[in-house]
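Survey of secondary and tertiary structure
The lines below spell out each chain.
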Amino acid sequence: MPTTPELKYQRVLLKLSGEALMGSGDYGIDPAVLERLAGEIKDLVAAGVQLGIVIGAGNISRGASLAESGIARVTGDHIGMLATVINSLALQDTLERHGLATRLMSALAINAVCEEYQQRSAIRHLQHNRVAIFAAGTGNPLFTTDSAASLRAIEINADLMIKATKVDGVYSADPMLDTSATRYTHLDYDRVLAERLAVMDATAIVLCRDHHMRLRVLDMNQSGVLLAAVRGEAVGTLIDDNK
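Remember, it's a predicted structure, so these values are computed and weren't measured experimentally.

1. Observations regarding the pairing of strand β6 (residues 160-165)
- For β6, a buried count of six out of six residues is recorded, marking the element as mostly surrounded by other parts of the structure.
- Residues of β6 alternate between two faces, with Leu160, Ile162 and Ala164 on one and Met161, Lys163 and Thr165 on the opposite face, all of them buried.
- Two elements, strand β1 (residues 11-16) and β6, share five bridges in a ladder whose sense is parallel. Along β6, the bridge assignment pairs Val12 with Leu160.

2. What about the environment of Gly232?
- Position of Gly232 relative to the elements: it lies in the loop between α8 (225-230) and β11 (237-240).
- Gly232 sits 226 residues away from Glu6 along the chain, and the two C-alpha atoms are 9.3 Å apart.

3. Observations concerning the packing of helix α1 (residues 31-47) against helix α3 (residues 73-97)
- The N-to-C vectors of α1 and α3 enclose an angle of 60 degrees; their axes lie 9 Å apart at closest approach. For the element pair α1 / α3, the angle class is oblique. In terms of crossing hand, the pair formed by α1 and α3 is right-handed. For the pair formed by α1 and α3, the contact residues are Leu34, Glu35, Ala38 and Ile41 on the first element and Ala90, Leu91, Thr94, Leu95 and Arg97 on the second.

4. Topic: unusual backbone geometry
- Phi at Arg196 is positive, roughly 50 degrees, even though this residue is not glycine.
- Relative to the elements of secondary structure, Arg196 occurs in the loop between α6 (189-194) and α7 (202-210).
- Take Arg196: its relative accessible area is 77%, and that puts it in the exposed class.
- Phi is positive for His212, close to 55 degrees, though the residue is something other than glycine.
- Within the secondary structure, His212 is located in the loop between α7 and β10 (215-219).

5. Overview of the sheet that holds strand β2 (residues 50-55)
- Overall, mixed pairing links the nine strands, which are arranged β4-β3-β5-β2-β1-β6-β10-β11-β9 in an open sheet. Two strands lie at the open edges of the sheet, namely β4 (115-116) and β9 (186-188), each paired on one side alone.
- Bridging between β1 and β2 involves six bridges; their strand directions are parallel. Bridge pairing in β2 places Arg11 opposite Gln50.

6. Quick look at the packing of aromatic side chains
- Tallying each qualifying case throughout the model produces one aromatic pair.
- Judged by centre distance (5.5 Å) and plane angle (85 degrees), the ring pair of Tyr117 and Phe134 falls under edge-to-face. Taken together, the positions of Tyr117 in the loop between β4 and α4 (119-127) and Phe134 in strand β5 (residues 131-135) put the pair 17 residues apart, joining distant regions of the chain.
- Across from the ring centre of Tyr117, 3.7 Å away, lies the NZ or CZ of Arg152, which sits over that ring.

7. Things to note about a nonpolar patch on the surface
- Together, Val74, Leu142 and Phe143 make up a nonpolar patch on the protein surface, roughly 290 Å² of accessible area in all.
- By the element assignment, Leu142 lies in the loop between β5 and α5 (145-155).

8. Some points on the pattern of salt bridges
- Tallied over the full model, the rule gives 12 salt bridges.
- Of the charged contacts in the structure, one is a salt bridge between Asp190 and Arg209, with a shortest N-O distance of 3.2 Å. Of this pair, Asp190 sits in helix α6 while Arg209 sits in helix α7, placing them 19 residues apart in sequence.
- For Arg209, a relative accessible area of 28% puts it in the partly exposed group.
- One network of salt bridges, in which partners are shared, links Lys15, Asp146 and Lys163.

Rules and cut-offs
- Residues numbered from 1 in each chain as written.
- Predicted model: local features only at pLDDT ≥ 70, side-chain atom pairs only at ≥ 80, totals over all residues.
- Heavy atoms only, no water.
- Buried < 20%, exposed > 50% of the residue type's maximum accessible area, 1.4 Å probe, protein only.
- Helix = DSSP H or I, 4+ residues; strand = E, 2+ residues; numbered from the N terminus.
- Pairing = 2+ DSSP bridges.
- Axes fitted to C-alpha atoms, helices over the stretch in contact; angles between N-to-C directions.
- Parallel < 35°, antiparallel > 145°, perpendicular 65-115°, else oblique.
- Left-handed = near helix turned anticlockwise from the far one by under 90°.
- Contact = heavy atoms within 4.5 Å.
- Phe/Tyr/Trp six-rings, centres within 6.5 Å; stacked < 30°, edge-to-face > 60°.
- Lys NZ or Arg CZ within 6 Å of the ring centre and 35° of its normal.
- Patch = residues over 30% accessible without salt bridge, like charges linked within 9 Å, V, L, I, M, F, W, Y side chains within 5 Å.
- Areas by Shrake-Rupley, 256 points an atom, 1.4 Å probe, with all protein chains shown as cover.
- Salt bridge = Lys/Arg side-chain N within 4 Å of Asp/Glu carboxyl O.

Here is the structure:
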């Protein structure tokens, strides 16, 4: 796919952490976080990026956590999928208030509030410079939104997947618990899997590896970091085929 002179990557899948939407709170959505994100996303679109987005739901509900409390895992995962729709609707509304054309597509049929996900329709939305927000994970229980992000990135033929979290890359250990933890600037998929580095779940990494999907992990709270990533700057941690 041809790129503009300023961009190394033109079509991008952005995976947003649900927890990051909480801001300084411990539950729900912080409107200030959405406003800041919308500004960053608007800059991407203005630069010519075709953008798809997958959002997690850790700020509202996690299927695995609900299962620990006694709710059936499949039921808990369906609750988590619906929570991603809540986050996606909030993001869509914020983006549209910033003047961006968007389409919300769900892997679960919820026609009253959004379109049902179809790969060809998703690509057409991107080609028409609409931000495509993909909700409800893969539509199946037992799969995380990380796996859904990898799947959607492959389906839309993205040049890059970005995982935006609250940490500025991938570390050898949890930097909040181990002050000697080292931040990696570059990794290959097999090392991530072999060392069980906390990037994404194994299914998501294997999908990226098998389909040669470049992945960059970065801190969504750093201003301008998304635009820097699509320009090919060395922010966060890059994960690809090169050993």
